[in-house]
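Okay, here's what each chain looks like letter by letter:
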Amino acid sequence: MTQGVFRSSTDGEGAPSLAGSRCRYCARVSFPARPICPWCGREDTEPVAVGRRGTIQASAVVYHAPIGFTAPYIVALVELAEGPVVFCPITGCLPDENAVPPGTPVELVVAPARAGGAPVFQFRPLGG
Amino acid sequence: MLREVVVLGVGMHRFGKFPETSLRELAGEAGRRALKDAGVLPRQIQAAYFANALAGLLTGQESIRGQVALREVGVAGVPIVNVENACAGGATAFHQAVLAVGSGSCDVALAVGAEKMFVGDTGRTIQALAASADVELTHDMGLQFTAIYAMRIQKRLASGALTLRHLAEVTVKSHRHGCLNPYAQHQKEVTAEEVLASRPIAGPITLLMCSSVSDGAAAAVVCSAEAARGAPQPLVRVLASELRSGAFRSGAGEELSTAARTVRAAYEQAGVGPEEIDLVECHDATAPGELLYYEDLGFCKPGEAGRLLDEGATTIGGRIPFNPSGGLTSRGHPVGATGLAQIAEAVWQLRGQAGPRQVQGARVALTQNSGGWLEGDSAAGAAHLFAV
């Protein structure tokens, strides 16, 4: 993970967040942050912290893991509260087919997804 | 297009596991076969486009892949362009060759796609495939492409539009077709029970539903209609050649997919719609993915893919056969070669040379190739329409 994609709770910002951008003209939010608004095309965006909360759009249990990962685990498309959709692992619940059905509210966690891995952004069921 | 482009010849190296065969040898055999099929000598090729996705990571041949490989075809000295567009590289190379001839910048061009995925360590190959996403955003997240398909399929299962039986039956069909294709990696029929009982990969997707790691190559020679006089084979016309990239998504989910936009552009370019098409080669990186394409490419209404399959419409002998070659699932998926293998199949079908898998009376064929993954959709899409 490169610097600048997320802020972890140890960065002095409180709860972790993702580094998005908001268009000063049309107010729409992008993640990752973009210098040009994808929706209205204007080069007038400002940094904004996003993604502390989201909802599950779709998820799947991975049974055949890439090198370094231990199956089973869950990956998902999460719709951030601010609009953008991100791909990431889901943590904080058993890797069960029905663990995080669409619509499940989730919150951001910044932590490695595999032993010895770099910190990445993930989500866990809210209050889970 | 400024002038009409035709396919003069196609050729393939069989897809499968060939530990003793190098990338250049795979490419060489496919390229030489295409030239022979076209009745063209290497020195008549005026430009060449070479597609490959993974050699940089798997063999270390990051640069000048085409210049290295195409010497095996006897092609050198002319412009050679290296094309990388993930799994859509093959059709992208073909698109560039069509543009070169269609624009009048040359009369005869070659497109070759080749991939060497068996390098003694499948884990490394799977890792290399993960580079077909935004690696800054997805690095160390356990991204695995089957999971992407699984998430799309799961939505349809949850809504009741598809059942596990549909996922199994479309896989059975793919393997039945693959049995008839001498170039296919998998030439063995499977039962629905075997498909569902095979090892789970992600969500409802099992091993037998997935395309395989593969070695292989495919090639095509295109030329202008004027230059094609006296060609040895029946001429196949390129009615449309379209390339797109993934668009910005609002997240609301109502936008057309990359594949749908690309294919609609091809329909428009050709003035041809789904009802006039006799066969489709689509990008079924997992067999159930084909079901999504029935809807995306306009062959049935949303939610009706299962019914189209149940009717037998998409099998050889049906109303609109999909993937008579066996598709990616059974032919194998050496990623940079796949798009050109789809095109080779379309050409053989339209010439009536597809043997036991021939779609009777085929006049118009659609090929659809997808590549990479970015923000929830394919990063690249290519679509071609052909006719005799």
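Residues numbered from 1 in each chain as written. Chains lettered and ligands numbered in written order. Predicted model: local features only at pLDDT ≥ 70, side-chain atom pairs only at ≥ 80, totals over all residues. Heavy atoms only, no water.

Trainee: In this structure, what is going on with the packing of aromatic side chains? I would like to understand it.
Mentor: Aromatic ring pairs are described here by two measures, namely the spacing of the ring centres and the angle between the planes. Residues and elements named next belong to chain A. By the definition in use, this model includes 8 aromatic pairs over all chains. With a centroid separation of 5.7 Å and an interplanar angle of 85 degrees, the aromatic rings of Phe31 and Phe121 are classed as edge-to-face. Of the two residues, Phe31 is situated in the loop between β3 (29-30) and β4 (45-50) and Phe121 in strand β9 (residues 119-125); the sequence distance between them amounts to 90 residues. Neither Phe31 nor Phe121 differs from the other in exposure class; each is buried. (Phe/Tyr/Trp six-rings, centres within 6.5 Å; stacked < 30°, edge-to-face > 60°. Helix = DSSP H or I, 4+ residues; strand = E, 2+ residues; numbered from the N terminus. Buried < 20%, exposed > 50% of the residue type's maximum accessible area, 1.4 Å probe, protein only.)

Trainee: Please explain the sheet that holds strand β1 (residues 5-16) of chain B as it appears in this structure.
Mentor: In any sheet, the strands associate via hydrogen bonds between backbone groups, in a parallel or an antiparallel arrangement. Residue and element names in this part refer to chain B. A sheet is described by the order of its strands in space; here 9 strands give the open sequence β3-β2-β4-β7-β1-β8-β11-β10-β9, paired in mixed fashion. Sheet topology places β3 (80-83) and β9 (279-281) at the edges, where each strand pairs with a single neighbour. Strand-to-strand twist across the sheet, computed as the mean angle between neighbouring axes with direction ignored, equals 20 degrees. Across the sheet, helix α4 (residues 89-102) touches β1, β2 (47-51), β3, β4 (108-116), β7 (215-224), β8 (236-245), β10 (364-371) and β11 (380-387), and the angle it forms with β8 is around 120 degrees. Together, β1, β2, β4, β7, β8, β9, β10 and β11 form the strand contacts of helix α14 (residues 335-351), whose direction differs from that of β1 by roughly 120 degrees. (Pairing = 2+ DSSP bridges. Axes fitted to C-alpha atoms, helices over the stretch in contact; angles between N-to-C directions. Contact = heavy atoms within 4.5 Å.)

Trainee: I keep staring at the nonpolar core and nothing clicks. Help me out?
Mentor: Within soluble globular proteins, side chains that are nonpolar tend to cluster in buried spots. One finds Val78 and Phe121 of chain A together with Ile277, Leu297 and Phe299 of chain B to be the most contacted residues of the largest nonpolar core, which totals 85 residues. By residue number, the principal contributor to this core is strand β6 (residues 73-80) of chain A, which donates 7 residues. Those residues in contact with Ile277 of chain B that lie beyond four places of it in its chain are Tyr267, Val272, Phe299, Ile320, Val364, Leu366 and Leu385 of chain B. Within the second largest apolar cluster, 38 residues are counted, among which are Val5, Tyr49, Val83 and Ala344 of chain B. (Core = buried A, V, L, I, M, F, W, Y, C linked by side-chain atoms within 4.5 Å.)

Trainee: Before we go on, may I ask you to explain the environment of Phe121 of chain A in this structure?
Mentor: Judged by its relative accessible area of 2%, Phe121 of chain A is buried. Considered as a pair, Phe121 of chain A and Pro89 of chain A are 32 residues apart in the sequence and their alpha carbons are 7.9 Å apart.

Trainee: When you look at the domain arrangement of chain A in this model, what are you seeing that I'm missing?
Mentor: Interfaces are often sized by the amount of accessible area the parts lose when they come together. All names here are of chain A. Taken domain by domain, chain A comprises domain 1 (6-50) and domain 2 (53-125). One C-alpha centre belongs to domain 1, the other to domain 2; they are set 21 Å apart. Across the contact, 11 residues belong to domain 1 and 9 residues belong to domain 2. Together, the buried faces of domain 1 and domain 2 total about 810 Å²; carbon and sulfur atoms form 84% of this surface. Of all residues in domain 1, Phe6, Leu18 and Phe31 bury the most surface against domain 2, accounting for 55% of the area lost on that side. Counting every contact that joins domain 1 to domain 2 gives 0 salt bridges. Our enumeration of links across domain 1 and domain 2 arrives at 0 residue pairs in polar contact (both at pLDDT 80 or more). Put simply, the parts of the chain that give the side of domain 1 that touches domain 2 at least two residues each are β1 (6-7), β2 (17-23), β3 and β4. A per-class count over the side of domain 1 that touches domain 2 returns 7 nonpolar, 3 polar and 1 charged. (Domains from an automatic or database assignment. Buried area = accessible area lost by both parts, 1.4 Å probe. Salt bridge = Lys/Arg side-chain N within 4 Å of Asp/Glu carboxyl O. Polar contact = N/O pair within 3.5 Å; in protein donor to acceptor, adjacent residues only side chain to side chain. Nonpolar A, V, L, I, M, F, W, Y, C, P; charged D, E, K, R; others polar.)

Trainee: What exactly am I supposed to notice about the domain arrangement of chain B here?
Mentor: Residues and elements named next belong to chain B. Per the domain assignment, the segments making up chain B are domain 1 (5-122 + 214-237) and domain 2 (144-208 + 240-387). Tallying the contact residues gives 47 residues for domain 1 and 36 residues for domain 2. Taken as a group, Met12, Phe15 and Cys87 account for 21% of the area that domain 1 buries against domain 2, more than any other trio of residues on that side. Viewed at the interface, domain 2 and domain 1 are joined by 1 salt bridge. Note that Arg351 is salt-bridged to Asp37, the shortest N-O span being 2.9 Å. For the pair domain 1 and domain 2, the number of links is 14 residue pairs in polar contact (both at pLDDT 80 or more). Those elements giving two or more residues to the side of domain 1 that touches domain 2 turn out to be β1, α1 (23-38), α4, β4, β7 and β8. Element by element, the count of residues in the side of domain 1 that touches domain 2 is highest for β1, at 9 residues.

Trainee: Would you explain the interface of chain B and chain A in this entry?
Mentor: Across the contact, 29 residues belong to chain B and 36 residues belong to chain A. Considering only the side of chain B, the residues that lose the most area to chain A are Asp140, Met141 and Met151 of chain B, jointly responsible for 26% of the buried surface there. Inspection of the chain B/chain A interface yields 2 salt bridges. The tally of links from chain B across to chain A stands at 10 residue pairs in polar contact (both at pLDDT 80 or more). Of all the secondary structure elements, the ones that give two or more residues to the side of chain B that touches chain A are α5 (122-129), α6 (135-138), α7 (145-159) and β5 (200-202) of chain B. A per-element tally of the side of chain B that touches chain A places α7 of chain B first, with 6 residues. Taken together, the residues that form the side of chain B that touches chain A break down as 12 nonpolar, 10 polar and 7 charged.

Trainee: What is the right way to look at the packing of helix α8 (residues 164-178) of chain B against helix α11 (residues 287-296) of chain B in this model?
Mentor: All names here are of chain B. For the pair α8 and α11, interaxial distance at closest approach is 8 Å and the crossing angle is 100 degrees. Put simply, α8 runs roughly perpendicular to α11. Counted together, His166, Leu167, Val170, Thr171 and Lys173 of α8 and Ala287, Pro288, Glu290, Leu291 and Tyr294 of α11 form the full contact between these two elements. (Parallel < 35°, antiparallel > 145°, perpendicular 65-115°, else oblique.)

Trainee: Honestly, the environment of Phe123 of chain A in this entry has me stumped. Any pointers?
Mentor: Position of Phe123 of chain A relative to the elements: it lies in strand β9. When the C-alpha atoms of Phe123 of chain A and Glu107 of chain A are compared, they prove to be 5.2 Å apart, with 16 residues separating the residues in sequence.

Trainee: It is not clear to me how the packing of α7 of chain B against α11 of chain B should be interpreted in this structure. Could you clarify?
Mentor: All names here are of chain B. Following both chains from N to C, one finds α7 and α11 inclined at 65 degrees, their axes separated by 10 Å at the closest point. Judged by the twist between their axes, the crossing of α7 over α11 is left-handed. Seen from α7, the contacting residues are Tyr149, Arg152, Ile153 and Arg156; seen from α11, they are Pro288, Gly289, Leu292, Tyr293, Glu295 and Asp296. Residue composition of the contact of α7 with α11, grouped by class: 5 nonpolar, 1 polar and 4 charged. (Left-handed = near helix turned anticlockwise from the far one by under 90°.)

Trainee: How should the pairing of β10 of chain B be read in this particular structure?
Mentor: Where a strand is regular, its side chains alternate between the two sheet faces. All names here are of chain B. Here β10 lies mainly inside the structure; 8 of its 8 residues are buried. Alternating residues of β10 divide into Val364, Leu366, Gln368 and Ser370 and Ala365, Thr367, Asn369 and Gly371, and every residue in both groups is buried. For β9 and β10, the ladder comprises 3 bridges, and the chain directions are parallel. Bridge assignment links Glu281 to a residue of β10, and that residue is Thr367. Two strands pair when backbone bridges link them, and β10 and β11 are joined in this way by 8 bridges, in the antiparallel orientation. Its bridge partner being in β11, Thr367 is matched across the sheet by His384.

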